[in-house]
Amino acid sequence: MGTPLFVPVPGGMELVIILGIAVLLFGANKIPKLARSSGQAMGEFKRGREELEAEVRDATAEGEPVTDASGDSEGGA
């Protein structure tokens, strides 16, 4: 059958339960700090991904072969 294309998003009561567990585990005063730090981490990841995409785009525009981590060019066997 295959893997589903999306993961169902918890709603309503499930979110209340998840938030309740988070408050019990971390304490109410640490939740905003955790949310802030995870947001900053997501921003850093996005910025790094955009920089990498720009480097690949520039390299392919200049006609340089794109290499993988081992140094082999793509498409070659």
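What this report covers is the structure whose coordinates are included nearby. Counting starts from 1 at the beginning of each chain's written sequence and moves along it residue by residue. Side-chain atom pairs in this predicted model are given and counted only at pLDDT of 80 or more, local residue features only at pLDDT of at least 70, and totals for whole chains, interfaces and linings cover all residues. Side-chain measures here rest on the full set of heavy atoms in the structure, leaving out hydrogens and waters.

Note on conventions: DSSP H or I runs of at least 4 residues are helices, E runs of at least 2 residues are strands, and numbering of each starts at the N terminus. Helix and strand content of the chain: 2 helices and 0 strands. Here the chain, with 77 residues, has 3% of them falling under the buried criterion. For every residue, the accessible area (1.4 Å probe, protein chains only) is compared with the maximum for its type, and the residue is labelled buried under 20%, exposed over 50%, or partly exposed between those bounds.

Here we come to the pattern of salt bridges. When a carboxyl oxygen of Asp or Glu is within 4 Å of a side-chain nitrogen of Lys or Arg, the pair counts as a salt bridge. Under the counting rule described, the total for this entry stands at 2 salt bridges. Salt-bridge contacts for Glu53 lead to Arg49; the nearest nitrogen and oxygen are separated by 3.6 Å. Of this pair, Glu53 and Arg49 are both found in helix α2 (residues 31-61), 4 residues apart, which corresponds to roughly one turn of the helix. The class for Arg49 is partly exposed, based on a relative accessible area of 40%.

Before going further, it helps to examine a nonpolar patch on the surface. Each patch is built from residues lacking any salt bridge and having more than 30% relative accessible area; the joining distance is 9 Å for like charges and 5 Å for nonpolar side chains (Val, Leu, Ile, Met, Phe, Trp, Tyr). Surface exposure here means Shrake-Rupley accessible area, sampled with a 1.4 Å probe, where a residue is shielded only by the protein chains that are shown. There is a patch of nonpolar side chains on the surface, built from Met13, Val16, Ile17, Ile21, Leu25, Phe26 and Leu34 and spanning about 710 Å² of accessible area. The greatest single-element share of the nonpolar patch, amounting to 6 residues, is contributed by helix α1 (residues 13-26). Here Phe26 shows up in helix α1. The partly exposed category is assigned to Phe26, whose relative accessible area is 44%.

Positive charge is attributed to Lys and Arg, negative charge to Asp and Glu, and no charge count is given to His or to the chain ends. A charge is said to be at NZ when it belongs to Lys, at CZ for Arg, at CG for Asp and at CD for Glu. Taken together, Glu50, Glu51, Glu55, Asp58 and Glu62 make up a surface patch of like negative charges. Residue placement: Glu55 occurs in helix α2. Residue Glu55 is classed as exposed on the basis of its relative accessible area, which comes to 54%.

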